[in-house]
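Residue-level listing of the chains:
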Amino acid sequence: MLERFHLEVLAAIKEQGTLTQAAESLNLSQSALSHSIKKLEGQIKTPVWQKEGRSLRLTHAGEQILTLASRVLPQFKHTELLLSQIVKGEMGSLRIGMECHPCYQWLLRVIEPYLEKWPNVDIDVKQEFQFGGLGALHSYEIDILVTPDPLYKPNLTFIPVFDYEHRLVVASSHPLAMQDSIMPEQLSEEVLFSYPVEPERLDIYSHFLNPAKCTVKKHKTIETTEIMLQMVAAGRGVCALPGWLVDEFAKTMAIKSLRLGKQGIKKQIFVGIRKGEEQINYLSDFIAQAQHVR
């Protein structure tokens, strides 16, 4: 009863908002599109959308079809892309999803030699996902997910590729810079800079401050690593980043990293893939390359 065309129509309606724009995006006439949907509505005996002025609103039935479309259409496109690459003799494409803001510098060191070895593989890096990184991997929006916080699912595999320590960063002139480690209560009067991520997903909160029932004076978000560390070096506040990343910037900036607590916060970067795709040569080689970059 349902066909791929119906899924594409509902997805276009949701994205474009009007019947005219949806028809144009699908290279169809408005009448042809309307006729196909009316035929579907006759088969399922319920409408899939309602008109609201010039716009269309999906009904409950339409939303159910759209949910299916969001899961199935990316898989169609993924398979068609692979097939077209096989026909053209190309190796493939590698779409990398990032759930780790400071991992870009590490990823660059992985990609540079990889591109030399696999000149026919296209690489795309994504950070914004409609349903989160895990959902993007499930729905074939990406092929690899780079994350420090894996969520294990039956049809996914997460492979550890890099160990590191999460550390506090302060200006070299900061009073705390004289110490090797700090305790949570010592941050009560500090301004904390972080990437624009929910506090519950930040390790300094979940593994350090929250368990001790402590907090900071103020929390501000900054998108770029360089600006964040410049603010720290200027004595405007502190931040928490992977130790390996801080060591790189400390060569040219007046900053120092400290252990968070006596034991520190040990972390790993993981690469997540769909089970069954471990044997794809250019994908498995990317993982092998990632495991050797420090």
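In this text, all values refer to a predicted model and were calculated from it rather than measured experimentally.

Rules used throughout
- Residues numbered from 1 in each chain as written.
- Predicted model: local features only at pLDDT ≥ 70, side-chain atom pairs only at ≥ 80, totals over all residues.
- Heavy atoms only, no water.
- Helix = DSSP H or I, 4+ residues; strand = E, 2+ residues; numbered from the N terminus.
- Rg over C-alpha atoms; globule rule 2.2 N^0.38 Å.
- Buried < 20%, exposed > 50% of the residue type's maximum accessible area, 1.4 Å probe, protein only.
- Contact = heavy atoms within 4.5 Å.
- Areas by Shrake-Rupley, 256 points an atom, 1.4 Å probe, with all protein chains shown as cover.
- Lys, Arg positive; Asp, Glu negative; His and termini not counted.
- Charge placed at Lys NZ, Arg CZ, Asp CG, Glu CD.
- Polar contact = N/O pair within 3.5 Å; in protein donor to acceptor, adjacent residues only side chain to side chain.
- Domains from an automatic or database assignment.
- Disulfide = S-S within 2.5 Å.

(A) Expanded view of the overall build of the chain. Looking only at helices and strands, the chain features 10 helices and 12 strands. For the chain, the C-alpha radius of gyration of 24 Å lies well beyond 19 Å, the compact-globule estimate for 294 residues. For the C-alpha atoms alone, the extent of the chain along its principal axes is close to 75 × 45 × 35 Å. The proportion of buried residues among the 294 residues of the chain is 47%. Sequence separation of 24 or more characterises 73% of the internal contacts of the chain that already satisfy a separation of 6 or more. Counting only carbon and sulfur atoms, one obtains 52% of the accessible surface of the chain, whose full area is about 15,700 Å². Between the centroid of the 32 positive side chains of the chain and the centroid of its 34 negative side chains there is a distance of 4 Å.

(B) Region of interest: the environment of Q268. With respect to the helices, strands and loops of the structure, Q268 is situated in strand 12 (residues 265-274). Each residue touching Q268, except ones within four places of it in the same chain, is listed here: T147, P148, P160, F162, D163 and Y164. Polar contacts involving the side chain of Q268 include one to the side chain of D163, which spans 2.8 Å.

(C) Main features of the domain arrangement of the chain. The domains assigned to the chain are domain 1 (4-85), domain 2 (91-161 + 269-292) and domain 3 (163-267). Placing a centre on the C-alpha atoms of domain 1 and another on those of domain 3 gives a separation of 47 Å.

(D) Seen up close, the state of the cysteines. Following the criterion strictly, the structure yields one disulfide and no others. Between the sulfur atoms of C100 and its disulfide mate C103 the distance is 1.9 Å. With the S-S bond torsion at 65°, the cross-link from C100 to C103 turns out right-handed. For the pair shown, C100 and C103 are each scored as buried. C239 provides the cysteine sulfur closest to C214, a residue in no disulfide bond, and the two sulfurs are 19 Å apart. Sulfur of C239: no disulfide; nearest cysteine sulfur belongs to C100 and is 14 Å away.

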